[in-house]
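Notes for the structure review
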Amino acid sequence: MRSWASDTFYASLAYIGASFLTFWVLMPMQNVFFPEYPSRASLLFLPHGVRVLAAWLLGWRAILAMLPGVFLVFATLGGSDVFLTSRLLAIFIAVTTAPAVFYLLKWLGWDLFPAADRAPCWACIMAVGVITSILVSGLTNLAFGSATAEYFAFLIGDLSGLLFLMFGLFFAFRYFEHKG
Amino acid sequence: MTEISKLAELRKLMQSMERTLGLEELSPVERDIYYAAEELSKDSREVRTYGLIEHTLVQSVSRPTFFRALKSLVQKGYLSQSGNANRGRYVVNDPR
């Protein structure tokens, strides 16, 4: 029970932190440096990295662990619109797609979940990030009824977000190892 | 999975990334010693310290620097001391 609570706390906190960085730091910068870019989508969407890594680490438990964080971010951005069917559907898609992709791949014989007897494959996690991104952007755009151009913007943002989050973790580990 | 093992799994994931992208923290001397050890280990399972010191890649390295780098490679897991009682023998570990 304690483990569930801490998983939920850390996964949701990571999602909220990544969303804060994306929407309140990176997107204003994006608007300054690329004012002609018409889309509302972020070109560096860090929360995608959080949901892929959470799904990899926690499996299906990532769905419940991410839910409070994803709901809070949607509520902050959309206000009371968070209870609209399209938003609730988008929340559902955001939390379920990455774990579903990992389990689908496992079912097909490609088990990427952490295991003590094998080294993790970061390129494979990136590949899951691509599949998840295509599915999430496709399904979310269907839910919101967005333009086709948005699909590509979501895809670019998701992939760069996952890659940058992994680089961020890499440098964070290196920093703390040097410090400790 | 405990909190520590989740962190360990994340760290392992980052290690796989840094090795693939060549971002691992090996100094030029450490890298030369590792390459030399890798080459020498093709002939036998273990590598001896004196064999390493005489390798052309390492010849110009001073003794203190060599032993510091060797110790560091062991700490980072690239080499491990042979279980054999005879010290000065190392086993080369593949970057995973």
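Further up the page is the structure itself.
Definitions and cut-offs
- Residues numbered from 1 in each chain as written.
- Chains lettered and ligands numbered in written order.
- Predicted model: local features only at pLDDT ≥ 70, side-chain atom pairs only at ≥ 80, totals over all residues.
- Helix = DSSP H or I, 4+ residues; strand = E, 2+ residues; numbered from the N terminus.
- Buried ≥ 20, exposed ≤ 12 C-beta atoms within 10 Å, placed from the backbone.
- Contact = placed C-beta atoms within 7 Å.
- Nonpolar A, V, L, I, M, F, W, Y, C, P; charged D, E, K, R; others polar.
- Pairing = 2+ DSSP bridges.
- Axes fitted to C-alpha atoms, helices over the stretch in contact; angles between N-to-C directions.
- Core = buried A, V, L, I, M, F, W, Y, C linked by C-beta atoms within 7 Å.
- Expected span 1.5 Å × (residues − 1).
- Bend = angle between axes of the 7 residues up to and from the residue.
- Parallel < 35°, antiparallel > 145°, perpendicular 65-115°, else oblique.
- Left-handed = near helix turned anticlockwise from the far one by under 90°.

Along its length, chain A carries six helices and zero strands. Written out in order from the N terminus, the α and β elements of chain A read α-α-α-α-α-α. Along the first, second and third principal axes, the C-alpha atoms of chain A reach 50 × 35 × 30 Å. Taken across its 180 residues, chain A has 34% of its residues classed as buried. A separation threshold of at least 6 residues defines the contact pool for chain A, and within that pool the share at least 24 residues apart is 75%.

Broken down by element type, chain B carries four helices and three strands. When the helices and strands of chain B are listed from N to C terminus, the series reads α-α-β-α-α-β-β. The buried share of chain B, reckoned over its 96 residues, is 23%. The contacts of chain B with a sequence gap of at least 6 include a subset with a gap of at least 24, amounting to 48%.

Turning our eyes to something else, we now look at the interface of chain B and chain A. Taken together, the contact pairs 13 residues of chain B with 13 residues of chain A. Along the lines of polarity and charge, the residues of the side of chain B that touches chain A split into four nonpolar, two polar and seven charged.

This next bit is on the sheet that holds strand E2 (residues 79-81) of chain B. Residue and element names in this part refer to chain B. Strand order in this open sheet of three strands is E1-E3-E2, and the pairing throughout is antiparallel. The open sheet is flanked by strand E1 (46-48) and E2, the only strands paired with a single partner. Across this sheet, the average inter-strand angle for adjacent strands is 40°, counted without regard to direction. Pairing geometry for E2 and strand E3 (residues 89-92), over three bridges, is antiparallel.

Of all hydrophobic cores here, the largest spans 40 residues; its most connected members are Ala54, Ala62 and Met66 of chain A. By residue number, the principal contributor to this core is helix H2 (residues 46-58) of chain A, which donates nine residues. Grouped together as the second largest cluster of nonpolar side chains are 15 residues, Tyr34, Ala37, Val47 and Tyr78 of chain B included.

Residues and elements named next belong to chain B. With respect to the helices, strands and loops of the structure, Glu39 is situated in helix H2 (residues 28-40). Residue Glu39 is classed as partly exposed on the basis of its 15 C-beta neighbours within 10 Å. In the structure, Glu39 is positioned 11 residues away from Pro28 in sequence and 16 Å away in space, judged by C-alpha atoms.

Okay, helix H1 (residues 2-33) of chain A next. Residues and elements named next belong to chain A. Here H1 contains 32 residues, and its C-alpha end-to-end distance of 44 Å stays within 8% of the 46 Å for a straight helix at 1.5 Å per residue. Its axis deflected by about 40° at Leu26, H1 carries its strongest bend there, up to four residues before the proline Pro28. Those residues of H1 lying buried are Asp7, Ala11, Ser12, Ala14, Tyr15, Ala18, Ser19 and Thr22.

Okay, the packing of H1 of chain A against H2 of chain A next. All names here are of chain A. Running from N to C, H1 and H2 point in directions that differ by 160°, and their axes come no closer than 8 Å. In this view, H1 runs roughly antiparallel relative to H2, as classed from their interaxial angle. Crossing hand, H1 versus H2: right-handed. Together, Asp7, Ala11, Ala14, Tyr15, Ala18, Ser19, Leu21 and Thr22 of H1 and Leu46, Pro47, Gly49, Val50, Ala54 and Leu58 of H2 make up the contact between the two elements. Per-class residue counts for the contact of H1 with H2 are 10 nonpolar, three polar and one charged.

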